[in-house]
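Structural overview for review
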Amino acid sequence: MEASLTARDRVGIQDFVLLDAYTSESAFLDNLRKRFHENLIYTYIGTLLVSVNPYKELDIYSKKQMDTYMGVNFFELPPHIYALADNVFRTMQSEFNNHFILISGESGAGKTEASKKILQFYAVSCPSTKLLNNVRDRLLLSNPVLEAFGNAKTLKNDNSSRFGKYMDIQFDHQGGAVGGHILSYLLEKSRVVHQNHGERNFHIFYQLVEGGEEDLLRWLGLERNCQHYSYLVQGGCAKVSSINDKSDWRMVQKALSVIEFNESDIEHLFGIIASVLHLGNIKFVADVRGYASLNNNQEMHWLLGIPAQVLQQGLTHRKIEAKAEEVFSPFSVDHAVYARDALAKAIYGRTFNWLVNKINESLANKDSSRKTVIGLLDIYGFEVFNVNSFEQFCINYCNEKLQQLFIQLTLKSEQEEYEMEGIEWEPVPYFNNKIICDLVEEKHRGIISLLDEECLRPGEATDLTLLEKMEETIGGHPHFVTHKLADQKTRKTLERGDFRLLHYAGEVTYCVVGFLDKNNDLLYRNGKEVMRQSKNAIIKHCFPSTEPDSKRRPETVVTQFKSSLVGLTEILMSKEPWYVRCIKPNEAKQPGRFDDVLVRHQVKYLGLMEHLRVRRAGFAYRRKYDIFLQRYKPLCPDTWPNWKGTAAEGVRCLIKHLGYKPDEYKMGRSKIFIRHPRTLFATEDAFQVCKHKLATRIQAKYKGYRVKGDYQKQRDAATKIENCWRGIMARKEREKRAWAVKVIKKFIKGFITRNQPACNDNSEYLAYVRQNYLTRLRENLPKTVLEKDSWLTPPPIMKEVGDMFLTPAVYSRKSLVLKAQTSSMFKGKKENYPFSVCRPFVDTRIGAEDINIKVLQMIQHEHIKYSVPVVKYDRNGFRPRLRQLIFTQEAAYLVEEAKIKQRIDYISLKGVSVSNLSDNFLILHVTCDDIKQKGDLVLQCDYLFEALTKLSVIANKQNYIKVVQGSVRFDIQPGREGFVDFKSGQESMVYRAKNGHLMVVSVKIIKGSC
Ligand SMILES: Nc1ncnc2c1ncn2[C@@H]1O[C@H](COP(=O)(O)OP(=O)(O)OP(=O)(O)O)[C@@H](O)[C@H]1O
Ligand SMILES: [Mg+2]
């Protein structure tokens, strides 16, 4: 095959088309067997999938497997049902047309399982939205419900579908599953009232009895014991180990709620199931006249809310209309049992149809946009029991029809393909089962016609008269034998009431007994009337009063079935077919057992050999040019790595290089056809060898490409960083230059306007000139202040400075020394210091004449050095008072008029605190040991810097002056402390704060404003 396969995948051949001995049944079987023993249950014949039931769980249906098969070319991976499902889906999407997958095989071969797997695959692989998930869940969950009501344990299969099912899945143009529709075919109703030994009734009965909640059972009048119900015990196997009725019950409950069954629907539905069980338990006894009467009325109570009297009458009498009169004719016991069973079958059958319709309502997509459809046909398989009856006849007829469809479609499509590709068609002999279909369905002569005639004709028609009629009419048909018509040898294998049909799938002997009854499926008229009185909504719906009570008989069962099959054929013919052929490996339902005879038989009747022959008649392998070229182009240097021309030319070139001989292949219009598998194998083997070499080369190239890519990325990154960096540097340079230009311009402007009054244009220039001059002056100070001529000539804007220098007070060396000292104490420490620089210091701020004479007398001997007006703040209450502060050689005096308020000896002066802000406060800290002594002084002085500089010089206490931040603690008197808090604000204020501190607020001075 085309994919890189593991050793296990290579077991046998994955596509029978590639089998060399394709005409040999044994080779076919060998391949199936080999693969089956390796748990490889799927094998292709072209696009047909053969599936062998493994009878065990295989780990091949996981989500991972689904992902693997999603969107992958059909032949690229080992055969799988997912590959087929995916291929159908993708073909549908690309061609926007309808398809169906016909799943066939005998009972127990795995059809239903296959259809579930396909549905699950679509559920996972299709696009999902909340709405689509809803539809998806309903599609998935319709299965358990339909299986519960329509499947049963038979001898062949513990979960045998007793109805045919065709399910359409509708997809929108994006491939979302948006809706669905189910058609059901001929439910085997007879199972409701009768089961062969080893078989069961429909699952739902057992699920209800085993799994139903106590309350529900009580409400339905049921007991949790299947043995109590005569409709459940005839097969003698109510319990089956492979079936868990309880958990299946829960599943059905969940499914019903998802498929929008409301509570009353569910109640009514199970009311019906219970009623059927009760109906089965109704017994009749013969009265004195031999007529049937009911011997116990217990069950009547539970029957669908129908009045007991009405029901009793309905079960024991038949209504006959004679002229204008209605007469009730009593039943014999047998007749009553027959009527009861007929009623049970009718109730169940109609309820089943109601159920399918209800599910369809829930799956219906009301959107009218165009949709494409994939149909899944899971219909009962060909069945052969020891005793085969009417049901098997219908089922096998259905299989005959489908086989015919299969032959038509496969041959047709094959023929069409050759024609389309312009390749000569070589007809293949095959068995056409039309002859058998005709035997069954031909008008007037076919078995169905004869059966209907016999059912409908007046007079005493019986099953045996039917047999005679068949012998008369079709006795000479090669596919029909009866005891009477058979040769001696065959006669031994036939009973008198038997007829045998030679189906395409083998011989089946049918027992004619019951054919007429089952075909008539008569429900006495008053049976319907009785049902109409039911209070159960479903029953009311199933037995509508509008149903014509015509005296004409309704269509027979087989005729209805035949018409439904015609309808089905029409549905299928309008779609593209795909096939899954299921094979049952053994009758014992055991894993690992491959019964050659059984499988050979199925291979034969499923027409697999014929299908293979048809596929191989011309060419074993065909593939579109582009796909073939894409895969094998590495084998030819001209086509590798890229072919420039058309795909067909490329393939021609490739096969020339490979040395294909002319009779080994044909070139069609769009495909190459290869006659022998060995040619393809040789090509494939060459490809496998070449692939590894190529892989190495591709790897090397790829690695080189990656490394080169990385390098280029790094280089690009480096260049980018460089560019960015250069950009940044250039921008900085540009800013610098712009700044320089501005500065130079301003300088020039300043120079030009230097002699004008200070303005914006010249302010910086003048500052520069000033600074320049002062710097120079610092270097060139005259030796003595008396050398007036040796002062550097100041620039015109500093004329006043020049004048100042000539003023002895100002330019005196002493004064400058003091200024220098002030600077060292306060520069950069106190905000308003810069304002003081230009204010020249004077000797004193209060002349001797302004000091009170008495004071003068008291302190004059200490030599008054400096005096200045101050505001003194009371230590208690902080009231401001104007005072004079006088520094003598010995001490500082605080004076009020003629009174000396406080004398502070310089020795007892501990320190002086000022704030770092722009206020003029100073606190003189004194040493006071005596409690009677006054404490520290809190003063405000407009000439703060001058006064403090003087004090520091006079008292020689430079280091005592501290510039502090925030708050200053002071002694009100020894042992009692007070605080002055400093802060900046919008305006200057001095007040006593709530906390008792003196709050001094000063205006914030922004740097550079002075
Ligand atoms: N792919 C599978 N993997 C595992 N078990 C399988 C598989 N297919 C079938 N089986 C087993 O075989 C049993 C019968 O399969 P299924 O019900 O699909 O048969 P069928 O062909 O539908 O028969 P019928 O015609 O009676 O309905 C299943 O219940 C299951 O146990
Ligand atoms: Mg089935």
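Residues numbered from 1 in each chain as written. Chains lettered and ligands numbered in written order. Predicted model: local features only at pLDDT ≥ 70, side-chain atom pairs only at ≥ 80, totals over all residues. Heavy atoms only, no water.

**Comments concerning the packing of aromatic side chains**
On inspection of all chains with the given rule, the structure shows 39 aromatic pairs. Relative to Phe499, the ring of Phe393 lies with its centre 6.5 Å away and its plane at 70°, an arrangement referred to as edge-to-face. Of this pair, Phe393 sits in helix H12 (residues 390-420) while Phe499 sits in strand S14 (residues 498-503), and the two are 106 residues apart along the sequence. For the pair Phe393 and Phe499, one class covers both residues: buried. (Phe/Tyr/Trp six-rings, centres within 6.5 Å; stacked < 30°, edge-to-face > 60°. Helix = DSSP H or I, 4+ residues; strand = E, 2+ residues; numbered from the N terminus. Buried < 20%, exposed > 50% of the residue type's maximum accessible area, 1.4 Å probe, protein only.)

**Thoughts on the confidence of the model for the protein chain**
When pLDDT is averaged along the protein chain, the result is 87; 94% of the residues meet or exceed 70. Scored below 50 in pLDDT, residues 1-5 shows 22 contacts in the model against residues more than four places distant or in partner chains. (pLDDT = per-residue confidence, 0-100. Contact = heavy atoms within 4.5 Å.)

**Digging into the environment of Tyr61**
Inspection of the secondary structure puts Tyr61 in the loop between strand S2 (48-52) and helix H2 (63-69). Taking the C-alpha atoms as reference, Tyr61 lies 38 Å from Tyr665; in sequence the two are 604 residues apart. What Tyr61 contacts, discounting residues up to four positions off in sequence, is Ile41, Tyr42, Met66, His80, Ile81, Tyr82 and Lys117. Separated by 2.8 Å, the side chains of Tyr61 and Tyr42 make a polar contact. (Polar contact = N/O pair within 3.5 Å; in protein donor to acceptor, adjacent residues only side chain to side chain.)

**Overview of unusual backbone geometry**
Residues Trp640 and Pro641 are joined by a peptide bond in cis, for which omega reads 0°. In this structure, Pro641 sits in the loop between helix H23 (625-632) and helix H24 (647-658). You will see that Leu186, though not glycine, has its phi angle at about 30°, which is positive. For Leu186, the location among the structural elements is in the loop between strand S7 (177-185) and helix H6 (203-211). The exposure class assigned to Leu186 is partly exposed, which follows from its relative accessible area of 26%.

**Some details on the site of ligand 1**
Lining the immediate environment of ligand 1, one finds 18 residues, of which Ser107, Lys111, Thr112, Ser160 and Ser161 sit closest. The contact in question runs from a nitrogen atom of ligand 1 to an N or O atom on the side chain of Tyr61, over 3.0 Å. Thr112 is positioned such that a nitrogen or oxygen atom in its side chain is 2.7 Å from an oxygen atom of ligand 1. When the free accessible area of ligand 1 is taken as 620 Å², the share hidden by the protein chains comes to 88%. (Near = heavy atom within 4 Å. Areas by Shrake-Rupley, 256 points an atom, 1.4 Å probe, with all protein chains shown as cover.)

**Looking at the sheet that holds strand S30 (residues 989-992)**
The four strands are arranged S28-S29-S31-S30 in an open sheet whose pairing can be described as mixed. Each edge of the sheet is formed by a strand with only one pairing partner; in this case those strands are strand S28 (967-973) and S30. Ignoring which end each strand starts from, the neighbouring axes of this sheet average 20° apart. Summarising the sheet, strand S29 (residues 976-985) and strand S31 (residues 998-1003) pair through six bridges and their orientation is parallel. Bridge pairing links Lys983 to Val1001 in S31. (Pairing = 2+ DSSP bridges. Axes fitted to C-alpha atoms, helices over the stretch in contact; angles between N-to-C directions.)

**Regarding the sheet that holds strand S22 (residues 891-896)**
With mixed pairing, eight strands are arranged side by side in an open sheet as S23-S22-S21-S20-S26-S25-S24-S27. On the outer flanks of this sheet lie strand S23 (899-905) and strand S27 (961-964), each paired with one strand and no other. Across the sheet, the mean angle from the axis of one strand to that of its neighbour is 35°, orientation sign disregarded. By the bridge criterion, three bridges tie strand S20 (residues 864-873) to strand S26 (residues 937-940) in an arrangement that is antiparallel. Following the sheet pairing, Tyr873 is matched in S26 by Val938. Sheet strands in contact with helix H32 (residues 944-954) are S20, strand S21 (880-888), strand S24 (909-915), strand S25 (921-926) and S27, and its direction is about 130° off that of S20.

**What about the environment of Glu862?**
Tracing the backbone shows Glu862 in the loop between helix H31 (853-859) and S20. What makes Glu862 buried here is its relative accessible area of 9%. Spatially, the C-alpha atom of Glu862 lies 5.6 Å from that of Gln889, the residues being 27 residues apart in sequence.

**A short note on the nonpolar core**
With 110 residues, the main nonpolar core has Ile101, Tyr122, Phe149, Phe205, Phe270 and Ile347 as its most contacted residues. With 14 residues, helix H11 (residues 333-363) is the single largest residue contributor to this core. Residues contacting Phe205, with those up to four places away along its chain left out, are Val192, Leu232, Ile273, Val276, Leu277 and Tyr348. Ala27, Ile436, Leu439 and Leu467 belong to the second largest nonpolar core, which has 68 residues in total. (Core = buried A, V, L, I, M, F, W, Y, C linked by side-chain atoms within 4.5 Å.)

**Here we look at the packing of helix H8 (residues 245-258) against helix H9 (residues 263-280)**
Orientation of H8 relative to H9, taken along the N-to-C sense of each, is 140°, at an axis distance of 11 Å. With respect to H9, the axis of H8 lies oblique. Handedness of the crossing formed by H8 with H9: right-handed. Judged by residue contacts, Trp249, Gln253 and Leu256 of H8 engage Ile266, Leu269 and Phe270 from H9. Among the residues forming the contact of H8 with H9, the class breakdown is five nonpolar, one polar and no charged. (Parallel < 35°, antiparallel > 145°, perpendicular 65-115°, else oblique. Left-handed = near helix turned anticlockwise from the far one by under 90°. Nonpolar A, V, L, I, M, F, W, Y, C, P; charged D, E, K, R; others polar.)

**Focus on the coordination of the magnesium ion (ligand 2)**
Each pair of donors in an ideal four-coordinate tetrahedral metal site encloses 109.5 degrees, whereas pairs in an ideal six-coordinate octahedral site enclose 90 or 180 degrees. At the metal site, the magnesium ion (ligand 2) is ligated by Thr112 (OG1) and Ser161 (OG), and these contacts range over 1.9 to 2.1 Å. Taken together, the positions of Thr112 in helix H4 (residues 111-125) and Ser161 in strand S5 (residues 160-161) put the pair 49 residues apart, joining distant regions of the chain. Overall, the relative accessible area of 13% leaves Thr112 in the buried class. (Donors = N, O, S within 2.8 Å, 3.2 Å for Na, K, Ca; no water.)

**Quick word on the pattern of salt bridges**
For the structure on display, the rule yields 51 salt bridges. In this structure, Glu453 engages Lys469 in a salt bridge whose closest nitrogen and oxygen atoms are separated by 2.7 Å. On the criterion of sequence distance, the pair formed by Glu453 in helix H14 (residues 447-456) and Lys469 in helix H15 (residues 463-474) is long-range, its members being 16 residues apart. Residue classification places Glu453 among the partly exposed positions, given a relative accessible area of 34%. Here Glu587 makes a salt bridge to Lys584, at a shortest N to O gap of 3.4 Å. (Salt bridge = Lys/Arg side-chain N within 4 Å of Asp/Glu carboxyl O.)

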